[in-house]
Amino acid sequence: MVGSGGREHALAWGLTQDPEVEQVVAAPGNPGIAALRPVFDGQTVVCRAVDVSDHDAVVALARELESDLVVVGPEAPLVAGLADPLRDAGIAVFGPSREAARIEGSKAFAKDVMATASVPTGRAYVCTTPEEAATAIDAFGPPYVVKDDGLAAGKGVVVTEDRDAALAHAAGCEQVLIEEYLDGPEVSLFAITDGTTVLPMQPAQDFKRLADGDEGPNTGGMGAYTPLPWAPDDLVAEITEKVLQPTVDELRHRGTPFSGLLYAGLALTSRGVRVIEFNCRFGDPETQALLPMLKTPLGGLLYAAATGKLGDHGDLSWRNASSVAVVVAAKKYPASPRSGDVIAGVEQAENDNVRVFHAGTALDGEELVTAGGRVLAVSAVGKDLAEARQRAYAAVGQIRIKGSQHRTDIALKAERGEITL
């Protein structure tokens, strides 16, 4: 498994829950993954140091280990084409090719795919000069939506009423999309696919803004919850029919089949479902909320997708419960997060219903310290959102990091029944 963040910790944990998985090797992994306890007799979990941007080194490690499956977690190595040399070496890979990963690597490419496949999305202009951006911004009017065309770790989007701020963000991008503002609640829907068959997961909602009430700057995500008690019963079926399957079909028709995790970020607008963006990998922190809910063995599921046998797999199975994940971030995140602060209380926070996934941690001798903006994701499962929230925030209260910050309102509106369509 390639990667070192919270999503990868959650994936590694999920793989250990599969009795068919004999060994999980994380490259390079993180202290949380290294501390995972094997679940089944003979199962092992280890971390191996490797530069994920060195494709030859990753292929060599997979060959050395005689890996049955390589799972690529982050978007950057996927967009850089890591899956291609692995497949060329005859190794099964969960993750799209370089060409298919353009669905996240270029928002302009994604818009072109959606237009061809008649997938509903917002109107947009692709701009390469400040003059083009200004014209597009004025054509749409406020609130302004300005997106960097390339990868930006979840922080390349500005939504603002301030025209000058919108123009400033556009000026900092080599190529930028100016889009119409989409109203309504947002939904994340992941789908496992082998390039033909699409198996949707259950929907989640994440929280991009730093502070309570959706205030403050955009971040990589400050928390998530699943399922969505306010969502229509046919939402997943509708999104699969109108968004996921047509997109997978179009990429296959173009000769660049998408195999891996297709992530649709959606707005449930007054005019219906609209795609905000696509990602080519599991989302963070939604993965940390979703995987503790998944009853289907994860290793077999990802292997079926990687080997083109998803059509024989069957639908996914989920716990009849709710899950809430709360991100604990470092001081001064996202502008200039502080590192090196001691992390205490993680072991005390965990229990049968709570998992603490490491996102930005390191070891300083024997001490666990901060080493990134989003440090931990505290994920809790309960019979409903109220119980899951209570357990998650009780666990967050046991963790001590100097100057840390977290939102206190993850899933609160959903718990109170305040989200309506």
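Predicted model, so just to flag it, every value in this text is computed and none were measured.

Novice: Just give me the short version of empty space enclosed by the protein, but keep the residues and values in it.
Specialist: Applying the stated criterion across every chain yields a total of 2 cavities of 30 Å³ or more. There is about 50 Å³ of room inside the largest cavity. Taken together, the elements giving at least two residues each to the lining of the largest cavity come down to helix H7 (107-117), strand E9 (176-179) and strand E17 (272-279). Residue composition of the lining of the largest cavity, by class: 6 nonpolar, no polar and 5 charged. The volume enclosed by the second largest cavity comes to roughly 40 Å³. Around the second largest cavity, the lining residues are Val72, Gly73, Leu78, Phe94, Gly95, Leu261, Cys280, Arg281 and Phe282.

Novice: Would you mind going over the packing of H7 against helix H10 (residues 235-253) in detail, with residue names and values included?
Specialist: Relative orientation and spacing of two packed helices are given, respectively, by the angle between their axes and the distance between those axes. Between H7 and H10, the shortest axis-to-axis distance is 9 Å and the interhelical angle comes to 100°. The orientation of H7 relative to H10 falls into the category roughly perpendicular. The residues of H10 that touch H7, namely those facing Phe109, Val113, Thr116 and Ala117, are Pro246, Thr247, Glu250 and Leu251. Residues of the contact of H7 with H10, tallied by class, amount to 5 nonpolar, 2 polar and 1 charged.

Novice: So what's going on with helix H14 (residues 385-398)? Which residues, and what values?
Specialist: For H14, spanning 14 residues, the distance from its first C-alpha to its last is 20 Å, which sits close to the expected 20 Å at 1.5 Å a residue. Looking only at H14, the buried set comprises Leu385, Ala388, Arg389, Ala392, Tyr393, Ala395 and Val396. What you see down the axis of H14 is that its buried residues fit within an arc of 155°, all on one side. On its buried face, H14 is in contact with strand E15 (223-226), strand E18 (322-329), helix H13 (346-349), strand E20 (354-358), strand E23 (374-382) and helix H15 (412-416).

Novice: So what about the pattern of salt bridges? Which residues, and what values?
Specialist: One pass over the structure, following the stated rule, counts 23 salt bridges. Linking Glu8 and Arg7 is a salt bridge whose minimum nitrogen-to-oxygen distance equals 2.7 Å. Per residue, the accessibility class of Glu8 equals that of Arg7, and both read buried. Across the salt bridge formed by Asp249 and Arg252, the nearest N and O atoms sit 3.1 Å from each other. Of the two residues, Asp249 and Arg252 both sit in helix H10, 3 residues apart, roughly one turn of that helix. A relative accessible area of 30% means that Arg252 is categorised as partly exposed. Because the salt bridges share partners, they merge into one network encompassing Arg7, Glu8, Glu75, Glu104 and Arg281.

Here is what the cut-offs are and how they apply
Residues numbered from 1 in each chain as written. Predicted model: local features only at pLDDT ≥ 70, side-chain atom pairs only at ≥ 80, totals over all residues. Heavy atoms only, no water. 1 Å grid on protein atoms, 1.4 Å probe; cavity = no way out; pocket = protein on both sides within 12 Å on 5 of 7 lines; lining within 4 Å. Points joined across faces, edges and corners; volume = space filled by probe spheres on them. Helix = DSSP H or I, 4+ residues; strand = E, 2+ residues; numbered from the N terminus. Nonpolar A, V, L, I, M, F, W, Y, C, P; charged D, E, K, R; others polar. Axes fitted to C-alpha atoms, helices over the stretch in contact; angles between N-to-C directions. Parallel < 35°, antiparallel > 145°, perpendicular 65-115°, else oblique. Contact = heavy atoms within 4.5 Å. Expected span 1.5 Å × (residues − 1). Buried < 20%, exposed > 50% of the residue type's maximum accessible area, 1.4 Å probe, protein only. Arc of directions from axis to C-beta. Salt bridge = Lys/Arg side-chain N within 4 Å of Asp/Glu carboxyl O.

Functional significance is not addressed by these values, which are geometric in nature.
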